[in-house]
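Results of the structural survey
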Amino acid sequence: MGFRRRAVRAAGALIAGLVVLACSGTVSGASSDAPGNAAASTAAAASPGSATAAAVPEAEAGKGSSSGWPVVGFTHTQYTADYGDRDAIASVHRALAQRRLLQNQHIMGFGALNPEPSPGRYEFASLDERIDLIRETGGIPIITLCCAPDWMKGGKPGETDWRHIERAPEPEHYQDFADLAAKVAQRYPDVTHYIVWNELKGFFDESKHRWNYEGYTAMYNKVYKALKAVNPKIKVGGPYPVMADFDAPSELHGSWGNVDQRVLDALRYWNRHKLGADFVVVDGTAESEEGMLPDDFGAQRKFAAIGRWLHHNIKLPIWWAEWYPEPIRSGWSDAKRLAVSAVSLMELTKSEAETVLYWNRQEPGRECPVGCLWTDPRVKGGGRPTRMLALLQDFARWFPKGAKTVHVHASPSSVRVLAQRARMLVVNTSGERVRAEVDGRRLDLTPYEVRWISRT
C-alpha cells in the first residue's frame, strides 16, 4: 500500500472515498535484437527502443516451465485504466491484453468504495468494475482483502470516513470481516488467490513496541477458514509485513542493511499459529534508512537475501505484494530506472519468488508519474504503454513460474545476465558505453541498456 508514502487522503466529489496512495518508477532504455511483440511495439510507439520479446515462437517462452503462472504483475491503485478518453483507454486495454499479467485489486480503497457500508448491506459496483477490467484485459485476478468497513472498526454503520482507512477491524468484528471475505469469494468465483490485509495496518501495538501478531493471526485464521469453506481450491496468504530495516540488531542483515527483527518475529508467530496458508506475503524496498547500500544495483541483493530467509524459516511460496527497487526521489534517468528494475527482477528470480506485484501509480493531470505503466488515459493521446510495462510483460513471458534458468558467461562484471534456454536478458549496470562478451557473442551496450536476446 505504498508503505514509503503513507499519506492517505479523501478524493474529490466525483470519486469520493477512493484512496490515493503512491509508488515508484518510470522507464526507458530497453532494446532488443529482434522486432517486438504487439505489446512491446505499442510501448515503442510511446518511446523508441522499448523492451521487446518476440522473434521466438510462443511455445519457446518459459521453456521447461512447470506452470503458466506469469510471476509478475501489478496492483491497481486509485486511478487506473477504467475511465478517461475512449481511445486512450482502448490503447491501454490492447497493450495489457497482449501479454497476460497478474492484476491485483483491493476490496476497499485503491479505486473501490466501501463494499459493506452497514452490516448486511453490500455495494459491490466499484469492485465489480475493477474485476471486469482485469477480466477484459486478460489478467489473472488477485484480490487483497483490505480494507475494512468503518462499522467493523468503531465507526457508525452507513458512514465511511476515509481518514480511518488504515485501521484494522476490532477483534469482535474479525468474524464479520471473514464473512465479508466469503461474500467476495462467492461473488467472483474466477478469483482463486487472496491476500489477507495490507502491511499489518492497524496491528502495531504501541504499548509493547511490536506488531500485534496475535490479533492479525486471529483475524487471518477466520478469513482463511471462511474462504476455504467457499472453495477449498482458493489460495490464501499473509501476513504482508513491510520488510523494513531498523536501527537494532537483527538476524537478517547484509551489506544492503537489515530487516527489523520485530517483523521477523511476526512472520514466525503467524507461521506457527496459522490454520493454513498457500503462500507467504511480504513487501519491501531496496532502500535502507541510510540509502542504497552498498550501491544502487548492489542494494537489490536485499530481495534475494529475504527470499532465502523466508525459504528457510517459513517454507512457503513467496509473494511480494509490493516491490520497490528505487529509492524515494532518486533523480534517476529513465534508462537507469529500467536497468535497476531489471536487475532487481533477476534477484527475485534467484530467490524463486512465485509472485511479484508492481505498485502501479497513476495520477490525473500528470502524463506519466514516476513508475507509471501507461500515460494518463484521461487525456486525448494518453494511454500509451511504457517501457516498464514492456519489461514486466517480457519477464512474464520468458520467466514464468518454474522456468529453468541456465548459467551463461558475461564480462565485464558490470554486465548482468539472466538466461533460459531460448532467451536471455542482458543489463549494462554502468553509466558508460560497454563492449561486452555475453554467452559467446560480442555486444556493444549503451549506458544502462536493457536488452532481450534470442539464444536459439
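Quick note: structure is the one above.
Residues numbered from 1 in each chain as written. Predicted model: local features only at pLDDT ≥ 70, side-chain atom pairs only at ≥ 80, totals over all residues. Heavy atoms only, no water.

1. Brief notes about the overall build of the protein chain
As a reminder, the rule being used: Strands are runs of DSSP state E lasting at least two residues, helices are runs of H or I lasting at least four, and both sets are numbered from the N terminus onward. In this description, contact between two residues means that some pair of their heavy atoms is separated by no more than 4.5 Å. Residue burial considers only the protein chains on display, and all accessible areas are found by Shrake-Rupley using a 1.4 Å probe.
For the protein chain, the count of helices and strands is nine helices and 20 strands. Considering only intrachain contacts with a sequence separation of at least 6, the fraction spanning at least 24 residues in the protein chain is 70%. In the structure as shown, the protein chain presents an accessible area of about 17,300 Å², 50% of it carried by carbon and sulfur atoms.

2. A few points about the pattern of salt bridges
Quick note on the threshold: Here, a salt bridge means any Lys or Arg side-chain nitrogen found within 4 Å of an Asp or Glu carboxyl oxygen. Exposure categories follow from relative accessible area, calculated using a 1.4 Å probe and restricted to protein chains: below 20% of the type maximum is buried, above 50% is exposed, and the middle band is partly exposed.
All chains considered together, the criterion is met by 24 salt bridges. A salt bridge links R337 to D334; the shortest N-O distance between them is 3.1 Å. A residue pair is termed a helical-turn pair when its members lie 3 or 4 positions apart in one helix, as R337 and D334 do in helix 8 (residues 334-350) at three residues. On the basis of relative accessibility, which here comes to 6%, the residue R337 falls in the buried class. A residue is classified by how much of its surface remains accessible, and D334, at 33% relative accessible area, is partly exposed. Close ionic contact of R366 with E363 constitutes a salt bridge, the shortest N to O distance being 3.3 Å.

3. Regarding the layout of surface pockets
We apply this condition: Throughout, the protein atoms alone are placed on a 1 Å grid, and a set of points is a cavity if a 1.4 Å probe fits but cannot get out or a pocket if it is open with protein on both sides within 12 Å along at least five of seven lines; lining residues have an atom within 4 Å of a point. Grid points are joined across faces, edges and corners, and a volume is the space filled by probe spheres set on the points. Gly is put with the polar residues, along with every residue not named as nonpolar or charged; the nonpolar set is Ala, Val, Leu, Ile, Met, Phe, Trp, Tyr, Cys and Pro, and the charged set is Asp, Glu, Lys and Arg.
Put simply, the largest pocket is a space of about 470 Å³. Lining the largest pocket are 26 residues, and of these T349, K350, E352, A403 and T405 lie nearest its centre. Contributions of two or more residues to the lining of the largest pocket are made by helix 8, strand 14 (405-406) and strand 16 (415-420). A total of four residues in the lining of the largest pocket trace back to one element, the largest contributor, which is helix 8. Split into classes, the residues belonging to the lining of the largest pocket amount to 16 nonpolar, five polar and five charged.

4. A word on the pairing of strand 5 (residues 193-196)
To keep things clear, this is the line we draw: We call two strands paired when DSSP finds no fewer than two bridges between them.
Of the two faces of strand 5, the one carrying H193 and I195 and the one carrying Y194 and V196 are both buried. In this sheet, strand 5 lies alongside strand 4 (residues 140-145) in parallel orientation, the contact comprising three bridges. Bridge pairing in strand 5 links L145 to V196. Of the pairings in the sheet, the one linking strand 5 to strand 8 (residues 235-242) comprises three bridges and is parallel in character. Bridging across to strand 8, H193 finds its partner in K235.

5. Quick look at the packing of helix 5 (residues 213-230) against helix 6 (residues 261-273)
Stated formally: Here an angle of 0 to 180 degrees is reported between the N-to-C directions of two axes, which are lines fitted to C-alpha atoms, with helices fitted over the stretch in contact. Should an angle fall under 35 degrees it is taken as roughly parallel, and over 145 as roughly antiparallel, whereas 65 to 115 is taken as roughly perpendicular and any remaining angle as oblique. Note on convention: the crossing is left-handed when the near helix lies turned anticlockwise from the far helix by less than a right angle, right-handed when the turn is clockwise.
Running from N to C, helix 5 and helix 6 cross one another at 40 degrees; their axes reach a closest spacing of 10 Å. With respect to their mutual orientation, helix 5 and helix 6 come out oblique. Judged by the sense of rotation from one axis to the other, the crossing of helix 5 with helix 6 is right-handed. For the pair helix 5 and helix 6, contact is made by Y213, E214, Y216, T217, Y220 and N221 and by D265, A266, Y269, W270 and H273, respectively. Taken together, the residues that form the contact of helix 5 with helix 6 break down as six nonpolar, three polar and two charged.

6. Observations regarding the environment of S333
Threshold: Any pair of nitrogen or oxygen atoms within 3.5 Å is treated as a polar contact; in protein, a donor-acceptor pairing is required on top of that, and neighbouring residues in sequence qualify only through side-chain atoms on both sides.
Within the secondary structure, S333 sits in the loop between strand 12 (318-324) and helix 8. Owing to a relative accessible area of 38%, S333 belongs among the partly exposed residues under this scheme. With 115 residues separating them in the primary sequence, S333 and Y448 have C-alpha atoms 9.5 Å apart. Only 3.1 Å separates the side chain of S333 from the backbone nitrogen of K336, close enough to count as a polar contact.

7. Some points on helix 6
Operational definition: For a helix, the expected span equals 1.5 Å multiplied by the number of residues minus one.
A rise of 1.5 Å per residue sets the reference length of helix 6, with its 13 residues, at 18 Å; its end C-alpha atoms lie 18 Å apart and thus fit the reference within 8%. Of all the residues in helix 6, the buried ones are Q261, V263, L264, A266, L267, Y269, W270 and N271. Against the buried residues of helix 6 lie strand 7 (210-211), helix 5, strand 8, strand 11 (279-285) and helix 7 (301-313).

8. So, the packing of aromatic side chains
The criterion, for reference: When the centres of two rings from Phe, Tyr and Trp lie within 6.5 Å, Trp using its six-membered ring, the rings pair. Their planes under 30 degrees apart give stacked, over 60 give edge-to-face, and anything left gives tilted. Sitting over a ring, as applied to charges here, requires NZ of Lys or CZ of Arg to be within 6 Å of the ring centre and within 35 degrees of the ring normal.
This model, assessed by the stated rule, comprises 19 aromatic pairs. Aromatic side chains F110 and W359 sit 5.7 Å apart centroid to centroid with 90 degrees between the ring planes, which places their arrangement in the edge-to-face category. Here W359 lies in strand 13 (residues 355-360) and F110 lies in the loop between strand 3 (102-106) and helix 3 (125-136), a separation of 249 residues in the sequence. This pair shows no difference in class: F110 is buried, exactly as W359 is. Cluster of aromatic residues (ring-pair linked, three or more members): F177, W197, F203, Y216, Y220, Y224 and W270. One residue, K274, lies across the ring of W270, its end atom 5.5 Å from the ring centre.

9. A closer look at empty space enclosed by the protein
On inspection of all chains with the given rule, the structure shows one cavity of 30 Å³ or more. In this structure, the largest cavity encloses a volume near 40 Å³. What lines the largest cavity is simply L200, F203, W211, N212, Y213, Y216, T217, P239, A266 and W270. Along the lines of polarity and charge, the residues of the lining of the largest cavity split into eight nonpolar, two polar and no charged.

10. Looking at the packing of helix 6 against helix 7
Helix 7 packs onto helix 6 with a crossing angle of 30 degrees between their chain directions and a minimal axis gap of 11 Å. Relative to helix 7, helix 6 is oriented roughly parallel. The handedness of the crossing between helix 6 and helix 7 comes out as right-handed. Residues L264, L267, R268 and N271 of helix 6 form the contact with helix 7, whose participating residues are W309, L310 and N313.

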